[in-house]
Each structure stands twice: as C-alpha cells, then as structure tokens.
Amino acid sequence: MVISTLIEALAQILHMVINIYIWVVIISALITWVRPDPYNPIVQVLRRLTEPVYAFIRRYVPTVIGGVDLAPIIIIIGLQFLDLFAVKLLFNLVNAL
C-alpha cells in the first residue's frame, strides 16, 4: 500500500514537472518572436532552461525549415509522449500492486 502511494506520488510529480517544462518551452518560443532584451533576467532563465535541450535536438535533427525553428515543437511532442508513456506506466504499475 505504501509503495503504490509512493509510486503514484512520483507519477504526479513527474506529470507536473513535464507540464511546467512544456510551458517554459512555449513561453521561450513565443518570446523569440519579439526580440527580447538578452540581459533581462527572465529571458536569461528561459534560455538557460531551454537552450541545452534545443542544442541536443539540433545536433541530431535538422530543425530549421523555411526559416522556422521546429526544435520547440519536437521537444513538446517528445515531452507529451514521455508524459503519456511514463506517467501512465507508473499509474498502471500502481494498479498492478
């Protein structure tokens, strides 16, 4: 009983973290449309949170098509898959216990 509650709590936290990061990616992508001040602390935090993941994706997949960077979309789709797969897997594990 305690283990299933722990796994369920971890699944909920993982779901919440994934959703927060999806919003960080969306906000970061939207901010790039308005030429933000690079010295703004919010812009710097968003870049620090997203650029390593963007760089990882860009290393393996050509993401610029027609002048549009598709890295945020690829990341969001990957995070949605991870959310659906991992969180549901953990919830099914709880139900199996």
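Everything below is about the structure shown above.
Cut-offs and rules
- Sequence order as written defines residue numbering, which begins from 1 separately in each chain.
- Local features in a predicted model are, by the rule used here, given only for residues with pLDDT of at least 70; side-chain atom pairs are given and counted only at 80 or more, and totals for whole chains, interfaces and linings are based on all residues.
- Only hydrogens and water are set aside when side-chain values are computed; all heavy atoms of the structure are taken into account.
- Stacked, tilted and edge-to-face pairs are distinguished by plane angle, under 30 degrees for stacked and over 60 for edge-to-face with tilted covering the rest, among Phe, Tyr and Trp rings (Trp via its six-membered ring) whose centres lie within 6.5 Å.
- Each helix corresponds to a stretch of at least 4 residues labelled H or I by DSSP, and each strand to a stretch of at least 2 residues labelled E; elements are numbered beginning at the N terminus.
- Each residue's exposure class comes from its accessible area (1.4 Å probe, protein chains only) as a fraction of the maximum for that residue type: buried when under 20%, exposed when over 50%, partly exposed otherwise.
- Residues belong to a common nonpolar core when they are buried Ala, Val, Leu, Ile, Met, Phe, Trp, Tyr or Cys residues joined through side-chain atoms within 4.5 Å.
- In what follows, a contact means two residues having at least one pair of non-hydrogen atoms within 4.5 Å.

Caption draft 1: Local environment of the packing of aromatic side chains. Applying the stated criterion across every chain, the model contains 2 aromatic pairs. Pairing phenylalanine 56 with tyrosine 60 gives two aromatic rings, centres 5.2 Å apart and planes at 70 degrees, and the pair type is edge-to-face. Of this pair, phenylalanine 56 and tyrosine 60 both sit in helix α2 (residues 41-60), separated by 4 residues, roughly a single helical turn. Tyrosine 60 gets classed as exposed once you look at its relative accessible area, which sits at 56%. On the numbers, 5.8 Å between centres and 5 degrees between planes, the contact of phenylalanine 81 with phenylalanine 85 is stacked. Taken together, the residues phenylalanine 81 and phenylalanine 85, both in helix α3 (residues 71-96) and 4 residues apart, mark about one turn of the helix.

Caption draft 2: Region of the structure containing the nonpolar core. Ile18, Tyr21, Ile22, Val24, Val25, Leu46, Tyr54, Ile57, Ala71, Ile75 and Leu79 together form the largest nonpolar core, which totals 11 residues. The element best represented in this core is helix α1 (residues 2-31), accounting for 5 residues. In this structure, tyrosine 21 is in contact with Leu49, Thr50, Val53, Ile75 and Leu79, ignoring residues within four places of it in sequence.

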